There are 6 protein chains.
Amino acid sequence: MLGSRAIEYANASADTRAVFDDIKATRNTDEVTNFWKYIAGDEKTLRRTWESVKEVMSPGALDPLVKELVYIAVSVTNNCGYCIASHRASALKAGMTEPQFNELLAVVGMANETNRLAIGHRIPIDRQFED
Amino acid sequence: MLGSRAIEYANASADTRAVFDDIKATRNTDEVTNFWKYIAGDEKTLRRTWESVKEVMSPGALDPLVKELVYIAVSVTNNCGYCIASHRASALKAGMTEPQFNELLAVVGMANETNRLAIGHRIPIDRQFED
Amino acid sequence: MLGSRAIEYANASADTRAVFDDIKATRNTDEVTNFWKYIAGDEKTLRRTWESVKEVMSPGALDPLVKELVYIAVSVTNNCGYCIASHRASALKAGMTEPQFNELLAVVGMANETNRLAIGHRIPIDRQFED
Amino acid sequence: MLGSRAIEYANASADTRAVFDDIKATRNTDEVTNFWKYIAGDEKTLRRTWESVKEVMSPGALDPLVKELVYIAVSVTNNCGYCIASHRASALKAGMTEPQFNELLAVVGMANETNRLAIGHRIPIDRQFED
Amino acid sequence: MLGSRAIEYANASADTRAVFDDIKATRNTDEVTNFWKYIAGDEKTLRRTWESVKEVMSPGALDPLVKELVYIAVSVTNNCGYCIASHRASALKAGMTEPQFNELLAVVGMANETNRLAIGHRIPIDRQFED
Amino acid sequence: MLGSRAIEYANASADTRAVFDDIKATRNTDEVTNFWKYIAGDEKTLRRTWESVKEVMSPGALDPLVKELVYIAVSVTNNCGYCIASHRASALKAGMTEPQFNELLAVVGMANETNRLAIGHRIPIDRQFED
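Rules of the game
Residues numbered from 1 in each chain as written. Chains lettered and ligands numbered in written order. Predicted model: local features only at pLDDT ≥ 70, side-chain atom pairs only at ≥ 80, totals over all residues. Heavy atoms only, no water. Helix = DSSP H or I, 4+ residues; strand = E, 2+ residues; numbered from the N terminus. Expected span 1.5 Å × (residues − 1). Buried < 20%, exposed > 50% of the residue type's maximum accessible area, 1.4 Å probe, protein only. Contact = heavy atoms within 4.5 Å. Buried area = accessible area lost by both parts, 1.4 Å probe. Salt bridge = Lys/Arg side-chain N within 4 Å of Asp/Glu carboxyl O. Nonpolar A, V, L, I, M, F, W, Y, C, P; charged D, E, K, R; others polar. Disulfide = S-S within 2.5 Å. Polar contact = N/O pair within 3.5 Å; in protein donor to acceptor, adjacent residues only side chain to side chain.

**Student:** Teacher, can you tell me more about helix H5 (residues 81-93) of chain F here?
**Tutor:** Residue pairs three or four apart in sequence face the same way in an α-helix, which turns once every 3.6 residues. In this model, H5 of chain F (13 residues) spans 19 Å end to end at C-alpha, consistent with the 18 Å of a helix rising 1.5 Å per residue. Where burial is concerned, most of H5 of chain F is hidden: ten out of the 13 residues are buried. Residues of H5 of chain F that are buried include every one of Tyr82, Cys83, Ile84, Ala85, Ser86, His87, Arg88, Ala89, Ala91 and Leu92 of chain F, and no others. On its buried face, H5 of chain F is in contact with helix H6 (98-120) of chain D, helix H6 (98-120) of chain E together with helix H2 (34-39), helix H4 (64-78) and helix H6 (98-120) of chain F. Where H5 of chain F ends, the next residue or the one after it, Gly95 of chain F, has phi of about 110°, a positive value.

**Student:** Would you take a moment to explain the interface of chain A and chain B for this structure?
**Tutor:** Buried accessible area, meaning the area lost when the parts come together, often serves as the stated size of an interface. Between chain A and chain B, the contact holds 57 residues from the first and 57 residues from the second. In total, chain A and chain B occlude about 5,200 Å² of area from one another, counting both sides; carbon and sulfur atoms represent 72% of this. Our count for the contact surface shared by chain A and chain B stands at four salt bridges. Salt-bridge contacts for Arg48 of chain B lead to Glu113 of chain A; the nearest nitrogen and oxygen are separated by 3.5 Å. At the level of secondary structure, the elements contributing two or more residues to the side of chain A that touches chain B comprise helix H2 (34-39), helix H3 (43-57), helix H4 (64-78), helix H5 (81-93) and helix H6 (98-120) of chain A. The leading source of residues in the side of chain A that touches chain B is H6 of chain A, at 17 residues. Looking at the side of chain A that touches chain B residue by residue, the classes come out as 33 nonpolar, 18 polar and six charged.

**Student:** Where do I start with the state of the cysteines in this structure?
**Tutor:** Two cysteines joined by a covalent bond between their sulfur atoms form a disulfide. Residue and element names in this part refer to chain A. On inspection of all chains with the given rule, the structure shows six disulfides over all chains. Residue pairing for Cys80: its cysteine sulfur links by disulfide to Cys83, the two sulfurs lying 2.2 Å apart. Judged by the torsion about the S-S bond (50°), the Cys80/Cys83 disulfide is right-handed. With respect to class, Cys80 is no different from Cys83; both count as buried.

**Student:** What should I look at first to understand the interface of chain A and chain C in this one?
**Tutor:** Contacts between the two partners involve 21 residues from chain A and, on the opposite side, 21 residues from chain C. In total, about 1,700 Å² of surface goes out of reach between chain A and chain C, with carbon and sulfur atoms giving 65% of it. Of all residues in chain A, Glu113, Arg116 and Ile119 of chain A bury the most surface against chain C, accounting for 31% of the area lost on that side. The interface formed by chain A and chain C holds zero salt bridges in total. The tally of links between chain A and chain C comes to three residue pairs in polar contact (both at pLDDT 80 or more). For the side of chain A that touches chain C, the elements supplying multiple residues, two or more each, are H4, H5 and H6 of chain A. Top contributing element to the side of chain A that touches chain C by residue count: H6 of chain A, with 13 residues. Partitioned by chemical class, the residues of the side of chain A that touches chain C number ten nonpolar, eight polar and three charged.

Structure, rendered in C-alpha cells:
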C-alpha cells in the first residue's frame, strides 16, 4: 500500500537534500528529524514548511524559548503526541527547565478549563475589552 | 427560563463578595469582569476557580507575560472569543506589544498547521526525543 | 448567493412536512426549531438525522436528562453556541436545575483541564485499566 | 473488567450478522473491519451507523473519492488515528494517488493555520459573504 | 533528557505523600494511579488538582456516576486516551453497565455530528432559547 | 487599546500594497477581504501566508473545488465562522452547488460522529491498514 514513509537523505532528490542541508546547518545537527523526512514526500510542502517554520521561529518580537512554549501549549491542546515530544526537546535545548515545563502545563490546563466555563455560560465580552 | 446571568456585587452573598473583593484587590481594579460574575452562580466554582487562577497565574518559574501569551494561544486554538478578548487585554496590561501579539498568532497558526502534518502522516516519534 | 436558509413549513415539500410533523408530535410542540429548518435543504439529511436523534435520545440504558447533560458537555467542548443554547433548553425541560447546570460546567471544565495534563505529560495507561 | 471488545462473526447474533453481511456485500470484502466489530456491542448503534454511513458515502452530488478526502481531512483535524488509517485505505482503493494525499494534508494544514489567524484577530465577516 | 516521569511514594516528599495518602484514603485504594504520579513533579499542581477534583467529583447536585459519564464524554471529544481508560474504569466502579457505556458513546457521537451541522449552516439561535 | 484592526490600502506601506495588488490580480477582484487586511498588521505574516495559500490552493494533484471543500470541512470542524463564510463563497465561485454543500456537511458530520466512536472504544488499527 502506498504509505507515508520517511525519505532518507541517501534516497533524496537534490532539491530535498538542499532543504535537509539547510535544516542541519540552521539547527546545527547531524540529522533531520522524522517530521521533515515524512513530509518530504512532497517537495513543495517540505520547502514551504521549512521556510515558514524558519521565519516564524527565529528571534523577533518574542524570545525563541517563549515561541517553543507556545508551540507546546498548542500541541497539548490539539493532542499531537509527536509535536509535544519534539517541541519539548527543542524547548529544553533552548533553556526550558523542568519547573517551567510543569508550570506551562498548569497554565495550559487552567486555560482549557476556563475556556469551557466562558463558552458554557455564553459570557458576553466586557465593554472595556472592545475599546 | 433559568439562565446564566451575571451576579452583581449589590446582589451577591457575603461569600461571593469576599471573592469579588479579593479579585479587585489582587488585580487592583474597581470592577470584576463578566467571567467572575457569570460563574458566581455557583459559589464553590467561583471560589475554587479564583484560587486556582490566582495560584497558576502568579509569578513563578514562568514570567506573568509569558503565561498570558500561553493563555491566548490556548484560547485561540479552542476558539474562545471571550477568553481571547480578556487575556489579550491582560497581556497588553502586562506589557505585550502589538508586534508580539502578531508574532504570537503566527506561532499559534504554524503550530496548528504542523500539528496536522504530523498527525496526518502518523509520524513515529524520533528515538532521541524519548531518551 | 446560494445560502443556508430556513425551510419553512409553508414552503416545504410533502416529505419534509412529514418529518416536521413527526418532530412536532414527538416533542409535543407547535413549531420545529431552526436546526431542523436549516438542515431541511437536504431531505435525506433531514430524515436521517431526525431518525437518528430520535433513536439515540429516547429513553434506554441512560436517562433522557443524563443524555441532555452529555449533549451539553460535548457542545461546550466543541464550542457550538447554537447547540449549547438548544440543549440547555431541552435539559431544563427534562428537569435540569440551575445548580445541576453549574455543576455540569464545573465537571466539563475540570475534565478539559486534566485531559491536557494527561496529554502534556504523555502519561502511560495504568495496567489495571487495561485488564 | 467490562471492556470494549470486538464482536466476531462466529459469536454474533443473527441481527449483527445481517449487518456484517450487508457490509461485506456492499464493500465486496470477506471481512468487516475492527470499527464495525467494536461498535457491534450495541446492535442499534451498529445498524444505525452502518445505514447512515452507507447513505452518506454513496455517490451523490459529490464524488466518492472526494467524500473520502473530506473524511480524512476531518479525521486529521480531530486526530483520530484509526480513522486516518482506515479512510486513507478507502481513499487509495477509490483511486487516491500519493501526490493527492500529500496535497490533501497541505490543504488541511493550511486551513488549520489560517483558521487560527482569523479566530485570533477576531476578524469580522465581510459584507459580501453574507449577501 | 529531563522528562515527565512518575514520582513513586518511596521517593516522594512529605507534602506529596500527604496528597497521595489522601487520594488513597478517599478512593479506598492501595495505590495512586499514574495521573497523580506524573503531575507530582510539581507539588502545587498536584495539591491544587487533587483538591479541585475531589470538590468537583464529590456528590452534589449531580450523581457521581453522571459526573463520570460527563468526564468520559469530554475525554472522548478531546481524544485523551489515558482519560478515557481511567474514567471508564471509575464509571464501571460507580455502577456503569456495558449498555450504558455503549449508549453514552452513541450520544457523544451524535452530539459531535449535529454540532457540525449547526456550525456549518451557521444556524441562528431560536428566540425562545434566549428568553 | 492596541487592537487587531484592518489595514486599508490607502494607509498601507509599499510592501503591503504589493501583496494586496498580487491578491487582487490573482483572484481577479477589486478588493481584498478582511482576512488579508487584518493579518497585514505584520507584513511578514501577510506575505508568507499569501505566498503559502497561493501555492497550496493552486491547481495541482487535486482540483481547486476539492481543495475549497476540504477547507470548509476543516473550518467547520474547528468552528471558524469567518473561514466557513469566506471559503463557502470561494467554493460557490469555483462551482460548488447547494446540494454539494449540503452533502459536504453530511460527510463532515458523519466523520465527526464516527471519529468519536472509534476514539471512545479505543479501536485497534486493522493489520491491513498498516501494510
